[in-house]
Amino acid sequence: MKIAMVASEANPFVKSGGLADVVYALSKELVTFGHEVAILLPYYKSAEARLVKKPMFKGALHFNMSWRDCYAEVYELVQDGITYYFIKNEQYFGRDGLYGYGDDGERFAFFTLAARNALPLVGFQPDIIHVHDWQSGMLPALIKVQNHNDPFYQKTKFVMTIHNPAFKGMLDPSALDNLYNLPYSIYEDGSTRFEGRVSTLKSGIVYADKVTTVSPNHRNELLTPEGSWGLEGVLHTREYDFCGFVNGIDYGEFDPEKDSFITKTFSAKTIASGKKANREALFKECFLQDRGGPLFGLVSRLTFQKGIDLVYSIMPKLLQQGAMFAVCGSGEHELEEAFEDLRRRFPSQVSIYIGYSNKRAHEIYAASDFFLMPSSFEPCGIGQMIAQRYGTLPVVRWTGGLVDTVVGYNGHNADKADGIGFDSYDYGGIDYGTGLAMDLYKKKKDFEKMRKNAITKDNSWAKSARLYEGLYKAIL
Ligand code: GLC
């Protein structure tokens, strides 16, 4: 099969969140199954900086975005068996950040149009076009409406994956014509209309042949009024074409037995000594003094989605009981400041790395006893699975994919459990979850057993990639 992934992020070139991990790791797995996989990405300034090999110029695209004459260059790079196609345009992507600009709607319309035109240019005729989130959400509509007589796209089928339903790609209805050259009738008939505007995410849901999200539990949430971010109506119309496949993690990148970032590699057998050595090394590196309590790790974008406010609300209590904290991430200024403040108050027990450091992230996963992930919503979540791979027990709120990937401890099921969960998104909830963690840390036998359950759990991509493959086959 020939599969084209069209996304705004993919490892190892562009990453702001889990989307990049998934697009890359799923593609890599599909390649090992014998499929040809291309990933189409914007050629952001930051991606250019990360390229070790120089990509090959494949050709130039001239097209119209409504009244605008547009120009893009297409570059190709093969890595890990995946063919990456970068869409280059200085005006739209030669900027420091990925998103958050006033003209994001126009930037990703440009990307979507260019991706449609780039595939024939490079001669990659896809059986499947797999689009991810709002940024490429309009592509199925675009090709189905404008290329239905085009022999190149005659047989192509579409899959749309929702990674984050909170971002809908909201545009003024005039954008259909003004950016995509699509008829207003697809607004009027409701196919692209969402709360009086155009949503590129909704358009993807309506026009794709199959729709997926990144865990079975999140699929069910998306079909309820409380958990769907307003999408339950349209998703109910696609209910029989809508599946939830849990993400995996990249076993090549995350392997405690081979990890070159950590001080001491370890396996299920050597977990206790391995974790001890990594803890000592991390404390030394961060100038912490061991108070003997458990080490709580947090590697995350610092946004309210991730429950960061809950974390810092409970930290003073845990710190007074001897707990230690290692945090790595960046995001909303206010949340960064709240952590900085705690570090000032407890300098020997709290380490904060503001920014993203792959090395520090690996060190935290390896050294920690518990990994905090009390998200307000979480379509799948990657961090909790990486933590498990390093024998670190995730403390999660029961939402989305966290329900599918963590077996919660209840005081007597240490033989099966591999994490801790709580329900309510408030101080009481996080107090309960972290309280269980503090108790468990003292029950050495249960704790050791659960660490083993976590480190031996199968969170690889192998199973889920087969599910995607089956879905592709079912629509061809
Ligand atoms: C988004 C979701 C996260 C998911 C990731 C990859 O970032 O918030 O839960 O794991 O996409 O699918």
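Residues numbered from 1 in each chain as written. Predicted model: local features only at pLDDT ≥ 70, side-chain atom pairs only at ≥ 80, totals over all residues. Heavy atoms only, no water.

Peer 1: Can you walk me through the overall build of the protein in this structure?
Peer 2: Of regular secondary structure, the protein possesses 19 helices and 18 strands. For a compact globule of 476 residues, the expected C-alpha radius of gyration is about 23 Å, and the protein comes in at 23 Å, within 12% of that figure. For the protein, the spread of C-alpha atoms along the principal axes amounts to about 70 × 45 × 40 Å. Contacts in the protein between residues far apart in sequence, at least 24 positions, make up 73% of those at least 6 positions apart. Looking at the protein as shown, the accessible area adds up to about 18300 Å², and 51% of this sits on carbon and sulfur atoms. Charge centroids of the protein, computed over 53 positive and 57 negative side chains, lie 6 Å from each other. (Helix = DSSP H or I, 4+ residues; strand = E, 2+ residues; numbered from the N terminus. Rg over C-alpha atoms; globule rule 2.2 N^0.38 Å. Contact = heavy atoms within 4.5 Å. Areas by Shrake-Rupley, 256 points an atom, 1.4 Å probe, with all protein chains shown as cover. Lys, Arg positive; Asp, Glu negative; His and termini not counted. Charge placed at Lys NZ, Arg CZ, Asp CG, Glu CD.)

Peer 1: It is not clear to me how the side chain of H362 should be interpreted in this structure. Could you clarify?
Peer 2: Mapped onto the fold, H362 is located in helix α14 (residues 358-367). Here H362 falls in the buried class, since its relative accessible area comes to 1%. Once you skip the residues sitting within four places of it in the chain, H362 turns out to touch E253, F254, D259, F261, I262 and Y390. (Buried < 20%, exposed > 50% of the residue type's maximum accessible area, 1.4 Å probe, protein only.)

Peer 1: Is there a simple way to think about the packing of aromatic side chains in this case?
Peer 2: Centre distance and the angle of the planes are the two values used to describe a pair of aromatic rings. Applying the stated criterion across every chain, the model contains 28 aromatic pairs. Plain terms: the ring middles of Y44 and F93 are 5.6 Å apart, the flat faces sit at 85° to each other, and that makes the pair edge-to-face. A residue pair is termed long-range when its members are at least 10 positions apart, and Y44 in the loop between β2 (36-42) and α2 (45-50) and F93 in helix α3 (residues 90-93) qualify at 49 residues. F93 matches Y44 in its accessibility class, with the two residues each being buried. For the pair Y312 and F339, a centre-to-centre distance of 6.3 Å together with 80° between the ring planes defines the contact as edge-to-face. Pair noted here: Y312 is in helix α12 (residues 308-320) and F339 is in helix α13 (residues 333-345), with a separation of 27 residues, a long-range link. Feature note: the residues Y44, F63, Y92, F93, Y99, F108, F110, F111 and W134 constitute an aromatic cluster, connected by ring pairs. The ring centre of Y43 lies 5.2 Å from the NZ or CZ of K88, which sits over that ring. (Phe/Tyr/Trp six-rings, centres within 6.5 Å; stacked < 30°, edge-to-face > 60°. Lys NZ or Arg CZ within 6 Å of the ring centre and 35° of its normal.)

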